[in-house]
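# Structural overview
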Amino acid sequence: TQLLEQSPQFLSIQEGENLTVYCNSSSVFSSLQWYRQEPGEGPVLLVTVVTGGEVKKLKRLTFQFGDARKDSSLHITAAQPGDTGLYLCAGAKANNAGNMLTFGGGTRLMVKP
Amino acid sequence: KAGVTQTPRYLIKTRGQQVTLSCSPISGHRSVSWYQQTPGQGLQFLFEYFSETQRNKGNFPGRFSGRQFSNSRSEMNVSTLELGDSALYLCASSLELGVWETQYFGPGTRLLVL
């Protein structure tokens, strides 16, 4: 059982469309991170959100952290083929000593030209 | 600054063998974490080392072990390999402990157990 549930698992859209990926949990996290992973590579950090209700924008990507710090969303505007990849959310808890991250199952996005 | 490097990148072993994977963190980073990534289970935390001490451990059997050297380089070892150990093993490094620390991942070692 995943502590962090991501949805959808797969998403295939046309270039120019908008999309939202969700990351939900029954647990409270001190911070939540979003990564993108491309084939043959390790995950690359996109953003870290730490405050309940926080919204961060990174060009066409908008990240939200829920008020209760249990859920998060990633919204992509006008998706491009370069956005194709595996999107992972990961939560960290302050009561853990160190850097243990709990990852969601991932959302595999394909943007067709 | 060089990124996290992992060696080897690909490995094929047979059941019952053991394997050692290596990770060199970004220069100056003292925390090294290991993760296993499989299609079925996703990314799962194995263990984390900081200043040569294991600080966190995930829910994996004792066949999975690791260590960290004084130069922060880390190795993980899997003994008595099983088919289910086939996975991408990822190493991540960060400067210090802390839940807000950015973890930088290496490209991974893809292990296939036959």
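Higher on the page you've got the structure.
This section reports on the structure supplied with the text. Quick caveat, the model's predicted, so the values are computed rather than measured.

### Thoughts on the overall build of chain B
In terms of regular secondary structure, chain B is built from zero helices and 11 strands. Here the C-alpha atoms of chain B give a radius of gyration of 13 Å, agreeing with the 13 Å that 2.2 N^0.38 yields for 114 residues. C-alpha extents for chain B along the principal axes are approximately 35 × 25 × 25 Å. Out of the 114 residues in chain B, the part that is buried amounts to 50%. A separation threshold of at least 6 residues defines the contact pool for chain B, and within that pool the share at least 24 residues apart is 54%. Put simply, chain B shows about 5,400 Å² of open surface, and 50% of that area lies on carbon and sulfur atoms. Charged side chains in chain B number 11 positive and 7 negative. The centres of these two groups are separated by 6 Å.

### A word on the state of the cysteines
All names here are of chain A. Counted by the stated rule, this structure contains two disulfides over all chains. Here C23 engages in a disulfide with C89; their sulfurs sit 2.0 Å apart. What sets the handedness of the C23 and C89 disulfide is the S-S torsion sign, and at about 75 degrees it is right-handed. Of this pair, C23 sits in strand β3 (residues 19-24) while C89 is found in strand β9 (residues 85-92), placing the two residues 66 residues apart along the sequence. There is no split in this pair, since C23 and C89 are both buried.

### Regarding the sheet that holds strand β1 (residues 5-7) of chain B
Residue and element names in this part refer to chain B. The sheet built from four strands is open, its strands ordered β1-β3-β8-β7 with antiparallel pairing. Unpaired on one side and paired on the other, β1 and β7 (64-68) mark the two borders of the sheet. Each neighbouring strand pair of the sheet contributes to a mean axis angle of 20 degrees, computed without reference to strand direction. Pairing of β1 with strand β3 (residues 19-24), which is carried by three bridges, proceeds in the antiparallel orientation. In the strand pairing of β3, T7 is matched with S22.

### Brief notes about unusual backbone geometry
P8(A) follows S7(A) through a cis peptide bond whose omega is -10 degrees. Structurally, P8(A) can be placed in the loop between β1 (5-7) and β2 (10-14). Omega for the peptide link from T7(B) to P8(B) comes to -10 degrees, which places this bond in the cis form. Residue placement: P8(B) occurs in the loop between β1 and β2 (10-13). A positive phi angle, near 50 degrees, is found at S51(B), a position not held by glycine. Here T80(B), not a glycine, exhibits a phi torsion of approximately 45 degrees, which is positive. If you trace the backbone, T80(B) turns up in the loop between β8 (74-78) and β9 (87-94). By relative accessible area, which is 47% here, T80(B) ends up partly exposed.

### Focus: the interface of chain B and chain A
The interface of chain B with chain A comprises 25 residues on the first partner and 23 residues on the second. At the boundary of chain B with chain A, total buried surface from both sides reaches about 1,800 Å², with 51% on carbon and sulfur atoms. Between chain B and chain A we count zero salt bridges in total. Joining chain B to chain A, the criterion identifies four residue pairs in polar contact (both at pLDDT 80 or more). Elements supplying a minimum of two residues to the side of chain B that touches chain A: β4 (31-38), β5 (42-50), β6 (53-57) and β9 of chain B. If one sorts the elements of the side of chain B that touches chain A by residue count, β4(B) sits on top with four residues. Classifying every residue of the side of chain B that touches chain A by side-chain character gives 10 nonpolar, 10 polar and five charged.

Parameters at a glance
Residues numbered from 1 in each chain as written. Chains lettered and ligands numbered in written order. Predicted model: local features only at pLDDT ≥ 70, side-chain atom pairs only at ≥ 80, totals over all residues. Heavy atoms only, no water. Helix = DSSP H or I, 4+ residues; strand = E, 2+ residues; numbered from the N terminus. Rg over C-alpha atoms; globule rule 2.2 N^0.38 Å. Buried < 20%, exposed > 50% of the residue type's maximum accessible area, 1.4 Å probe, protein only. Contact = heavy atoms within 4.5 Å. Areas by Shrake-Rupley, 256 points an atom, 1.4 Å probe, with all protein chains shown as cover. Lys, Arg positive; Asp, Glu negative; His and termini not counted. Charge placed at Lys NZ, Arg CZ, Asp CG, Glu CD. Disulfide = S-S within 2.5 Å. Pairing = 2+ DSSP bridges. Axes fitted to C-alpha atoms, helices over the stretch in contact; angles between N-to-C directions. Buried area = accessible area lost by both parts, 1.4 Å probe. Salt bridge = Lys/Arg side-chain N within 4 Å of Asp/Glu carboxyl O. Polar contact = N/O pair within 3.5 Å; in protein donor to acceptor, adjacent residues only side chain to side chain. Nonpolar A, V, L, I, M, F, W, Y, C, P; charged D, E, K, R; others polar.

On their own, these measurements won't tell you what the molecule is for.
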